[in-house]
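# Geometric and topological summary
Each chain, letter by letter, is given below.
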Amino acid sequence: MVFRKLPGVSASGMGLRLSQKFVFLLFLSGLVTLCFGALFFLPDSVRLKRIFLSKTESQPVTVGSGSENDAREHLKRPKEQEHPRGMTSAKGETSSTKLKSLSRKPSVSHEATEERLAGGKAQEELTLPRSKAAESASEKSTASDHGANSDTFSFNKFKRCLLKPPLGREYGKPRDPKTNERRDKVKEMMKFAWDNYKRYAWGKNELRPLTRNGHIGNMFGGLRGASIIDSLDTLYIMGLMDEYNDAKEWVQTSLDLNSNGEASLFEVNIRYVGGLLSAYYLTGEEVFKSKVLELGEKLLPAFNTPTGIPRGVINLGSWSWGWASAGSSILAEFGTLHLEFVHLTELSRNPIYTEKVMNIRKLLNKIEKPHGLYPNFLSPVSGNWVQHHVSIGGLGDSFYEYLIKSYLMSDKTDDDAKKMYYGALEAIEANLVQKSPGGLTYMAEWRGGILDHKMGHLACFSGGMIGIGADDGAPEKRQHYLDLAAEITHTCHESYTRSATKLGPEAFRFDGGGEATATRLSDRYYILRPEVIESYMYMWRLTHDPKYREWGWEAVEALEQHCRVESGFSGIRDVYTMTVSHDNMQQSFFLSETLKYLYLLFSDDDLLPLEDWVFNTEAHPLPIIRKSCLQDEATQDKTVSE
């Protein structure tokens, strides 16, 4: 007992002096206050329920409450009791990447059905020589599909609902010899980067090429192998099958999802969840599916806040409280979950993932937005904006990207995402889009009504974003949007051409007499970022203007000259000097995004065709969800079985 440890107290505990009684009561009251105070300050009142109710007692699920109990109860339900919810069935015309309309409707005619099935067959034949593992995965998928009910995801049904083979008729090989030579160069760059990562940093998150060792960092908590997960789909589409199989084996044997440590919800989602999802959809390998569903469960406690807006940091090693840091949530972080979480629902048939991200939408639609703009910081406790700083670059960027991509990924049925995207784009044009004296169009930042005439490298993705959304805007604005996309992409190219290395700075300004150049020393670095090349790729596919391939090749030459070192690729500290200083870091997104977008830029459009795929913000391809086709396939299978 506690009082036995107090000095001067006898073993019998009798005969306490008045002063000792007072000390004892003071200690006891302090202990009680501490215990109940701890409970009071926990982030959700349902903590009391967890303590005072038995674990076997079932708690009601309230969508949007964001409690950890919600997550636990959904995950405990047997799958046969789940009723998949989410996007409505496909309707009308589907997504198009060119201004001419491209129908994505999965089965409008007998001929279209035959073409799709033929494409799927051709894809299987093309994939066979790549890897015996891929053949084995297909056989396993077929076996698991046999007799499966509608509540189980079927990989083969999914493949039949693609309009085209994912890897094209000839793996996207261009007919033009010069373009094919350039594509082969990008493939060589990927193999060089991968081989050095494997040699010096295998299993670590990223390679330090100058010191020839691995880097772990604290962004992913205890997770390892970020470069491996980020590279899976890039290796696969490039046909680097030995390297892909090494990566797959590491996932099978060494990817530990139970490690302790505070991880960024955003980074884990876009890199690990996105990478595993795309690897599964491209190959059908069950190991990727099982790993991503295990990881998805571990992310749910992050939503355990009073508003359901997730905290930015989560501990993956335990269910704890789901978050580990106070303060504001960032728009680009909690707004960049939708694509991956909808696919987690598709694979698991558990609606909780879609419900969590739809709850974010509901809150954003309720609160007032200054001039129609979405500020970068939101309180996950109150659900109010913390400050009125708006940026299409860092802190805001991928929120807008995921709105238009959610609409496209839903086979154009997510009308809420469409409305939010075009509403936001209208506000951006009215308040942020500027024209410099030299005629360059750029995206300024907005700070409480005052414009900061700065554009970050991260904001250069917006050329591609506006481009892929052009065809679904109001008819009278479609050409305008495509022109705006081209102008922004041109401005970002100028930020490259105006540097000595022909690589772009982290941020560039349009005041003080300069245009599209960094005026601060802290903005002059380049860390192998992909956003400018990303817009080149999209604009090439939308317009087939050869200048985009030329601009991409300029970037390849600059990367080779200034960023390639003896044991990998490294960022540089100053793009305005030819005497480069390297930062000793080969970022995982260089393998996932920069090199993948370059490879696609020099490939035919049928390699990961935009009619079937959208790319998450880490360039991991995720398939368009054609509910009507999947339901038709399920009905046909049921009829055949009867």
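Figured I'd write up the structure that's included with this text.

Rules and cut-offs
- Residues numbered from 1 in each chain as written.
- Predicted model: local features only at pLDDT ≥ 70, side-chain atom pairs only at ≥ 80, totals over all residues.
- Heavy atoms only, no water.
- Helix = DSSP H or I, 4+ residues; strand = E, 2+ residues; numbered from the N terminus.
- Buried < 20%, exposed > 50% of the residue type's maximum accessible area, 1.4 Å probe, protein only.
- Contact = heavy atoms within 4.5 Å.
- Areas by Shrake-Rupley, 256 points an atom, 1.4 Å probe, with all protein chains shown as cover.
- Phe/Tyr/Trp six-rings, centres within 6.5 Å; stacked < 30°, edge-to-face > 60°.
- Lys NZ or Arg CZ within 6 Å of the ring centre and 35° of its normal.
- Pairing = 2+ DSSP bridges.
- Core = buried A, V, L, I, M, F, W, Y, C linked by side-chain atoms within 4.5 Å.
- Axes fitted to C-alpha atoms, helices over the stretch in contact; angles between N-to-C directions.
- Parallel < 35°, antiparallel > 145°, perpendicular 65-115°, else oblique.
- Left-handed = near helix turned anticlockwise from the far one by under 90°.
- Nonpolar A, V, L, I, M, F, W, Y, C, P; charged D, E, K, R; others polar.
- Disulfide = S-S within 2.5 Å.
- Patch = residues over 30% accessible without salt bridge, like charges linked within 9 Å, V, L, I, M, F, W, Y side chains within 5 Å.
- Salt bridge = Lys/Arg side-chain N within 4 Å of Asp/Glu carboxyl O.
- Polar contact = N/O pair within 3.5 Å; in protein donor to acceptor, adjacent residues only side chain to side chain.

### With respect to the overall build of the protein chain
The helix and strand tally for the protein chain stands at 22 helices and 18 strands. Burial status across the protein chain gives 59% buried among its 642 residues. Long-range contacts, defined here as pairs at least 24 residues apart, represent 70% of the contacts in the protein chain between residues at least 6 apart. Total accessible area computed for the protein chain in this model is approximately 26100 Å², and 54% of it derives from carbon and sulfur atoms.

### Observations regarding the packing of aromatic side chains
What the rule picks out here adds up to 32 aromatic pairs. Between Y374 and F399 the ring centres are 4.8 Å apart and the planes differ by 55°, which places this aromatic pair in the tilted class. Here Y374 is found in the loop between α14 (352-366) and β6 (377-378), whereas its partner F399 is found in helix α15 (residues 397-409), with 25 residues between them in sequence. Like F399, Y374 is buried. Aromatic rings pair up to connect F153, F155, F158, Y280, Y281 and W613 into one cluster. Positioned over the ring face of W202 is K198, at 5.9 Å from the centre of the ring. Positioned above the aromatic ring of F192, the side-chain terminus of R564 is 3.8 Å from the ring centre.

### Observations concerning helix α8 (residues 226-237)
Counted residue by residue, α8 has twelve buried out of twelve residues, so it is predominantly covered. Residues A226, S227, I228, I229, D230, S231, L232, D233, T234, L235, Y236 and I237 constitute the buried set of α8.

### Notes on unusual backbone geometry
One non-glycine residue, K412, lies in positive phi territory at about 65°. With respect to the secondary-structure elements, K412 resides in the loop between α15 and α16 (415-431). With relative accessibility at 6%, the residue K412 sits in the buried group. Within the chain, N584 stands out as a residue other than glycine whose phi angle is a positive 65°. Tracing the backbone shows N584 in the loop between β16 (568-569) and α21 (588-601).

### Section: the environment of P609
Examined against the element boundaries, P609 turns out to sit in the loop between α21 and β17 (613-615). Distance in space between the C-alpha atoms of P609 and P621 is 9.9 Å, their sequence separation being twelve residues. Discounting residues that sit within four places of it in the chain, P609 has contacts with K164, P165, P166 and R541.

### Quick notes on the environment of N218
Position of N218 relative to the elements: it lies in the loop between β2 (213-215) and α8. Along the backbone, N218 and N205 are 13 residues apart, and their C-alpha atoms lie at a distance of 10.0 Å.

### What about the sheet that holds β6?
Each strand in a sheet pairs with its neighbour through backbone hydrogen bonds, running either in the same direction (parallel) or in the opposite one (antiparallel). The sheet built from three strands is open, its strands ordered β5-β6-β7 with antiparallel pairing. Each having just a single partner strand, β5 (329-330) and β7 (385-387) make up the two edges of the open sheet. When β6 meets β7, the two strands line up antiparallel, connected through two bridges. Paired with F377 across the strands is Q387, a residue of β7.

### Comments concerning the nonpolar core
Ranked by size, the top nonpolar core spans 161 residues in total, and within it L364, Y400, M455 and I466 carry the most contacts. Examining the composition of this core, we find that twelve residues originate from one element, helix α10 (residues 265-283), more than from any other. With near-sequence residues (within four places) excluded, M455 lies in contact with Y442, M443, C460, S462, I488, C492, A507, F508 and F510.

### Focus: the packing of helix α9 (residues 241-254) against helix α11 (residues 286-299)
Direction vectors running N to C along α9 and α11 enclose 45°, while the axes themselves pass 10 Å from each other. Taken together, α9 and α11 sit at an angle that is classed as oblique. The crossing of α9 and α11 is left-handed. Within the contact between the two elements, α9 uses Y244, K248, V251 and Q252 and α11 uses V287, F288 and K291. Here the residues of the contact of α9 with α11 sort into four nonpolar, one polar and two charged.

### Some words on the state of the cysteines
Inspection of the entire model under this criterion finds two disulfides. With its sulfur 2.0 Å from that of its partner, C161 forms a disulfide with C629. Between C161 and C629 the disulfide shows an S-S torsion of about -90°. By sign, it is left-handed. Placement of C161 in the loop between α6 (155-160) and α7 (177-201) and of C629 in helix α22 (residues 627-641) is noted, with a sequence separation of 468 residues between them. Looking at C629, the relative accessible area reads 2%, which means it is buried. At a sulfur-sulfur separation of 2.1 Å, the disulfide partner of C460 is C492. Judged by the sign of its S-S torsion, about -95°, the bond between C460 and C492 is left-handed. Remark: C492 occurs in helix α18 (residues 478-497) and C460 occurs in the loop between β13 (454-456) and α17 (462-468); sequence separation between them is 32 residues. Residue classification places C492 among the buried positions, given a relative accessible area of 1%.

### A closer look at a nonpolar patch on the surface
Judged by side-chain polarity, L25, F27, L28 and L31 come together as a nonpolar surface patch covering roughly 360 Å² of accessible area. Along the polypeptide, F27 turns up in helix α1 (residues 18-41).

### Considering the packing of α10 against α11
The relative placement of two packed helices is expressed as an angle between their axes plus a distance between the axes. Their axes nearest at 8 Å, the elements α10 and α11 cross at an angle of 155°. Taken together, α10 and α11 sit at an angle that is classed as roughly antiparallel. When the axes of α10 and α11 are compared, the crossing they make is left-handed. Judged by residue contacts, L265, V268, Y272, V273, L276, L277, A279, Y280 and T283 of α10 engage E286, F288, K289, K291, V292, L295 and L299 from α11. Grouping the amino acids of the contact of α10 with α11 by side-chain chemistry returns twelve nonpolar, one polar and three charged.

### Here's the deal with the side chain of S329
Tracing the sequence through the fold places S329 in strand β5. Taking relative accessible area as the criterion, S329 reaches 3% and is therefore assigned buried. Within polar-contact distance, the side chain of S329 engages the backbone oxygen of P310 at 2.8 Å. Dropping the residues within four chain positions of it, S329 is found in contact with I309, P310, R311, F334, N376, F377, L378 and P380.

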